[in-house]
Amino acid sequence: MRIIPFLLSLILTVGLIYCLSRQWGGLQKTPPFGQFFSPQHGFWQNAEPVNGSFDGSVLLAGLKGRGDVYFDENLVPHVFAANHADASYIQGYLHARFRLWQMEFQTFAAAGRVSEVLGAGPGNAYVNYDRSMRRLGMVTAAKAALQEMEKDSVVKADCDAYTAGVNAYISQLKASELPLEYKLLNYSPEPWTNLKIALFVKYMAYDLAGHDNDFEMTNAKSFFSKEDFAKLYPEVQDSVDPIIPKGTHFSPPGFSPKAPATVDSLYMNMPLTITAAESKPDPDNGSNNWAISGSKTMSHRPILCNDPHLSTNLPSIWYQMQIHTPEYNVYGVSFPGAPYVIIGFNDSCAWGITNAERDVRDYYSIKFKDETRKEYWYNGKWVPADQRVDTIVVKGGAPFYDTVASTVFGPVMYDPSFAGFSEEGTSRSYAVHWKPGDPSDELRTFSRFQSMRNYSDYKEAIVTFKSPGQNFAFADKSGVVAIWQQGEFPAKWKEQGRFVMPGEDSSYRWQGNIPQQENPTMLLDTLDSGRGFVSSANQLPVDTSYPYYLGIDFPPYRGLIINRKLNSMNSITPADMESMQTSNYDVFAAMAKPLLLRNIHEEPLSVDEKNYLKVFRDWNCNNNPDEEGPVIFQYWWRHLTKDIYDDEFSKSSLNMMRPFESTLLESLLKDSAYSFIDNVNTPEKETLQQVVTKAFLQAVPDLAAAANAGRLTWAKNKDTWVRHLLRIPQLSRTNLPIGGGVHCINAAKKLHGPSWRMIVELTDKTSALGIYPGGQSGNPGSRYYDNFVDKWAAGVYNSLWVMGPEDVKDSHVKWTVHFSNQ
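Below or above, wherever it landed, is the structure these notes cover.

What counts, and where the lines are drawn
- Residues numbered from 1 in each chain as written.
- Predicted model: local features only at pLDDT ≥ 70, side-chain atom pairs only at ≥ 80, totals over all residues.
- Heavy atoms only, no water.
- Helix = DSSP H or I, 4+ residues; strand = E, 2+ residues; numbered from the N terminus.
- Rg over C-alpha atoms; globule rule 2.2 N^0.38 Å.
- Buried < 20%, exposed > 50% of the residue type's maximum accessible area, 1.4 Å probe, protein only.
- Contact = heavy atoms within 4.5 Å.
- Areas by Shrake-Rupley, 256 points an atom, 1.4 Å probe, with all protein chains shown as cover.
- Lys, Arg positive; Asp, Glu negative; His and termini not counted.
- Charge placed at Lys NZ, Arg CZ, Asp CG, Glu CD.
- Expected span 1.5 Å × (residues − 1).
- Core = buried A, V, L, I, M, F, W, Y, C linked by side-chain atoms within 4.5 Å.
- Salt bridge = Lys/Arg side-chain N within 4 Å of Asp/Glu carboxyl O.
- Axes fitted to C-alpha atoms, helices over the stretch in contact; angles between N-to-C directions.
- Parallel < 35°, antiparallel > 145°, perpendicular 65-115°, else oblique.
- Left-handed = near helix turned anticlockwise from the far one by under 90°.

Glancing now at the overall build of the protein. Looking only at helices and strands, the protein features 24 helices and 29 strands. Over its C-alpha atoms the protein spans a radius of gyration of 27 Å, differing by no more than 12% from the 28 Å that the globule rule assigns to 822 residues. Out of the 822 residues in the protein, the part that is buried amounts to 61%. Taking the intrachain contacts of the protein between residues at least 6 apart in sequence as the baseline, contacts between residues at least 24 apart amount to 72%. When the accessible surface of the protein is split by element, carbon and sulfur atoms take 52% of a total near 30,600 Å². Seen as two clouds, the 77 positive and the 90 negative side-chain charges of the protein have centres 3 Å apart.

See below:
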């Protein structure tokens, strides 16, 4: 019944309507009072009785046979259907029943339609977001993907059935039953379509393959000398422990791209300053996964673990379920908005996914003939640009019309009429080419995962997966474990796409793709007596012997500590994996701590300053919730970074990429006279001891302020939220007592972290554990809205009960819904 105090608290503060229009995202139009407060139709109807029942019978005309859904004590549905199409139909119905608003809102975000329901936003922020998504070509990409999806008869049948199930629920939905968010925003759901499924798939591709630093790196290349640039942005980190072990032999490349003749004059050495600015997904979107051979486990059977790191949202990104048909029996988490179990296990196998972090999004500088942008210079002549006019509907305002040009490289993302999220504007135009814009059918992979039985099925399932590139970990009951970095990756010449490329001829276009069989992979069969595991944590996939250029943006530290732990472990149990998956050990801090302590000048410190230093010295580098050490380290390292780099970077107003944390740490460990230590704005030459001590002294007032505010412990300071998609605090879980951090296996930060923790032991009867930060229901008035959050924060798991047809009377079954077509 949280929904009533939620409304009452708002009324007692500044009034419901004012809060909706001002505090929560600039909403432009509030619901009519009478309708919103109506006892028969308003928000009161969303309050779910504590002991309410979910039992029932549902008539669905599109079903081919009968289906039964058994809900357990956590409201997890166990779906038993006569065939895979009926299973998809029921899955669509259930997703809509419990997550309809979330599903639709995410497809609106993908399609650039947020302004339709939220208005223009402060400073036109929502209109600018919509423009960026439309210019990127999200709808065009979804339409191309849908054509590919519907060429596969199985995928098409499942999508058709899923869409029918969603629409069956919508058609039965009464005004009083609308999810709360529709009532708050005063709109109603549209009919679902297969295109919305494709839009959701592309939205996830955007989230995972949408971060690049081309603009910032181009500015840095134009500002710094070659020598300084190489120091600031090294291509490989010393500490990296790649996915495929160092020393692995790779065959000569099957395709060798040729660098243009003008690469030095027009690309590497041509100064170019960029004032346009992108909107980007969270750069820490990633994950951990590993699969352990039976040679290292107590049971002598494989164990597979996965925890994808995504935004911690309410309603949750995931919806947990079991699906049982004559063709397969699968359990795991699904995406509301698409069919299938995405991460999970079946009776034979388990799989987990992490992001490949590969650079598949490049920009080209376009020279237009004039401001109409109807012609651009290409291969020695003016050629016509395709143009379209996008109409952006704005709630509470006039429509916005955006003219978008397209080139052979792709759509023009930024031009003098739209500089993105820059306040400066831009005089140049930039076209974008990204892999998720190409036709693809990622759902085919997941359709095959539901029923795969062995490594051969796994290889066949992933072969057509194109984008976003993922590391697919696999284990089966025969004892095989494997990992394959799968995607369609452009084969690039060295440093292609690291900077904005010239767009005046064809020589800088992508020339081809890395052959699928040459993507990094590792297989351990049942006779493996070597390393005994495969793993990935978004780090560099291979060492420098791999024959293709990969880019530079790969976080090294989670992969380093995962491999270190697994190498040292034997007789591994699921309980060991619980401890490991929730480990708060910060290996980055452990590497930096001796450096800081060696170089601080303690003698002049005050008593209070020495007390902070003692806390840091005694800290064991675990970012546990009640520790003060990680806060001291974070503040100290932040000031050290600023003191070392700000003097150089402040000499330019350009938006330049700051060096990775690994760059500063590794540079200082290798060279105590690292050239950037010296402050170029002072006459003396600073030493490492001076800047380390100065940074600590700068951190102390910040630490004192944090202590006075009750925020000196790590959980209080980090302040992790599981936040509602509309950013409404009263519908969010705030100030969670969870440790971890960006360099920890438990990668929880303020609004981001392990979105689903799963551990699967492939014994004769599969044993599995899992938890995610949310609940099965999207209704804030339900006790199942956030009932997993406290367990997730505490590092506690639920046992994943896999139901059999004979278990209908089992005590786990709390409610039953029967589906039929008559």
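Moving on: helix α16 (residues 557–568). Compared with an ideal rise of 1.5 Å per residue, which puts twelve residues at 16 Å, α16 spans 17 Å between its outermost C-alpha atoms and is within 8% of the ideal. Of all the residues in α16, the buried ones are Tyr 557, Arg 558, Gly 559, Leu 560, Ile 561, Ile 562, Asn 563 and Leu 566. Close packing links the buried residues of α16 with β4 (286–292), β5 (303–311), β22 (533–536), α17 (574–581), α18 (587–599) and α21 (661–670).

The subject of this paragraph is the environment of Asp 553. Take Asp 553: it is sitting in the loop between β22 and α16. Overall, the relative accessible area of 28% leaves Asp 553 in the partly exposed class. Residues Asp 553 and Tyr 233, 320 residues apart in the sequence, show an inter-C-alpha distance of 9.7 Å. Sequence-distant contacts of Asp 553, defined by excluding residues within four places in its chain, comprise Asn 213, Glu 357 and Phe 660.

Another aspect to go through is the nonpolar core. With 246 residues, the main nonpolar core has Tyr 458, Met 577 and Trp 637 as its most contacted residues. Per element, the largest residue contribution to this core is 16 residues, and it comes from helix α4 (residues 84–111). Residue contacts for Tyr 458: discarding those within four places in its chain leaves Phe 449, Met 452, Phe 472, Phe 474, Ala 482, Ile 483 and Trp 484. Counting five residues, the second largest nonpolar core, distinct from the first, contains Phe 80, Trp 801, Met 803 and Val 813.

With the rule as written, the count across this model stands at 35 salt bridges. Across the salt bridge formed by Asp 152 and Arg 444, the nearest N and O atoms sit 3.9 Å from each other. Here Asp 152, found in the loop between α7 (138–149) and α8 (153–172), pairs with Arg 444, found in helix α14 (residues 443–449); they are 292 residues apart in sequence, far enough to count as distant. In this structure, Asp 238 and Lys 670 form a salt bridge, with 3.1 Å as the shortest nitrogen-oxygen distance. Within this pair, whereas Asp 238 is found in the loop between α12 (226–232) and α13 (263–268), its partner Lys 670 is found in helix α21, the two being separated by 432 residues in sequence. Residue classification places Asp 238 among the partly exposed residues on the basis of a relative accessible area of 46%. Here the salt bridges share partners, and the residues they tie into one network are Arg 131, Arg 135, Arg 373, Asp 402 and Asp 415.

Viewed as axis vectors pointing N to C, helix α19 (residues 607–618) and helix α20 (residues 629–649) meet at an angle of 110 degrees, and their least axial separation amounts to 8 Å. On the basis of their axis angle, the class for α19 and α20 is roughly perpendicular. For the pair α19 and α20, the crossing hand works out as left-handed. On the side of α19, the interface is formed by Tyr 612, Leu 613, Val 615 and Phe 616, while α20 contributes Gly 629, Ile 632, Phe 633 and Trp 636.

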